[in-house]
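Reading the structure
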Amino acid sequence: DTGQQINVLKGHFDGVTAVAMDGTMVVSGSGDNTIRLWDRNTGQQINVLEGHSSAITAVAMDDGMVVSGSGDTTIRLWDRKAGQGR
């Protein structure tokens, strides 16, 4: 079947405003000022990235990094495995 829901990812405390996905992970940004990393297969939350002071407006990722943009006028680069901002 196509179009069947596979999973629901819950954890943000405000609306989800940005999403990106690759073969193993989903990254979401929210009005709660956080970025959350999720295991694509299990739906389990892997990490929460905190540092922005306003809603997340964009997220993207590659094998080693997550990048996020926010209404706080900053773009932050994060180590995807360690969850630390740069």
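Keep in mind that this is a model prediction, so the values were computed, not measured. Each chain carries its own residue numbering, running from 1 in the written order of its sequence. In keeping with the model being predicted, local features are shown solely for residues with a pLDDT of at least 70 and side-chain atom pairs are shown and tallied solely at 80 or more, while totals for entire chains, interfaces and linings include all residues. Hydrogens and waters are ignored; side-chain quantities use all the structure's heavy atoms.

We define a salt bridge as a contact between a side-chain nitrogen of Lys or Arg and a carboxyl oxygen of Asp or Glu at a distance within 4 Å. This structure, assessed with the given rule, holds 2 salt bridges. With its nearest N and O atoms 2.8 Å apart, the salt bridge here joins D22 to R80. With a gap of 58 residues between them, D22 in the loop between strand 1 (16-21) and strand 2 (25-30) and R80 in the segment after strand 7 (75-79) connect regions that are remote in the sequence. With a closest N to O distance of 3.9 Å, R36 and D32 form a salt bridge. With relative accessibility at 7%, the residue R36 sits in the buried group. Only DSSP runs of H or I with at least four residues qualify as helices, and only runs of E with at least two residues qualify as strands; both kinds are numbered from the N terminus onward. Only protein chains enter the accessibility calculation, which uses a 1.4 Å probe; a residue is then buried when its area is under 20% of its type maximum, exposed when over 50%, and partly exposed in between.

The 3 strands lie next to each other as 5-6-7, forming an open sheet whose pairing is antiparallel. A strand with exactly one partner marks an edge of an open sheet, and here the two such strands are strand 5 (56-61) and strand 7. The sheet shows a mean angle of 20 degrees between the axes of neighbouring strands, taken without regard to direction. In the sheet, strand 5 pairs with strand 6 (residues 65-70) via 5 bridges, with the strands oriented antiparallel. Across the sheet, A58 pairs through a bridge with G69, a residue of strand 6. Strands pair, by our definition, only if DSSP identifies at least two bridges between them. Here an axis means a line fitted to C-alpha atoms, over the contact stretch when the element is a helix, while the angle between two N-to-C directions is reported on a 0 to 180 degree scale.

Further remarks concern the sheet that holds strand 1. Pairing is antiparallel in the open sheet, where 4 strands are placed in the order 1-2-3-4. The open sheet is flanked by strand 1 and strand 4 (45-50), the only strands paired with a single partner. This sheet shows a mean twist of 20 degrees between the axes of neighbouring strands, independent of strand direction. For strand 2 and strand 3 (residues 34-39), the ladder comprises 5 bridges, and the chain directions are antiparallel. Among the inter-strand pairings, V27 is bridged to a residue of strand 3, identified as L37.

Once that is clear, we can look at the side chain of R80. By relative accessible area, R80 is classed as buried at 8%. Those residues in contact with R80 that sit more than four places away from it in its chain are D22, T24, M25, L37, M61, D62, D63, G64, M65 and V66. Any pair of residues with heavy atoms lying within 4.5 Å of one another is described as a contacting pair.

Bridge count between strand 3 and strand 4: 5 bridges; the pairing is antiparallel. By the bridge assignment for strand 4, I35 is matched with L49. The antiparallel hairpin formed by strand 3 and strand 4 contains 5 residues in its connecting segment, where G43 sits at a positive phi of about 80 degrees.

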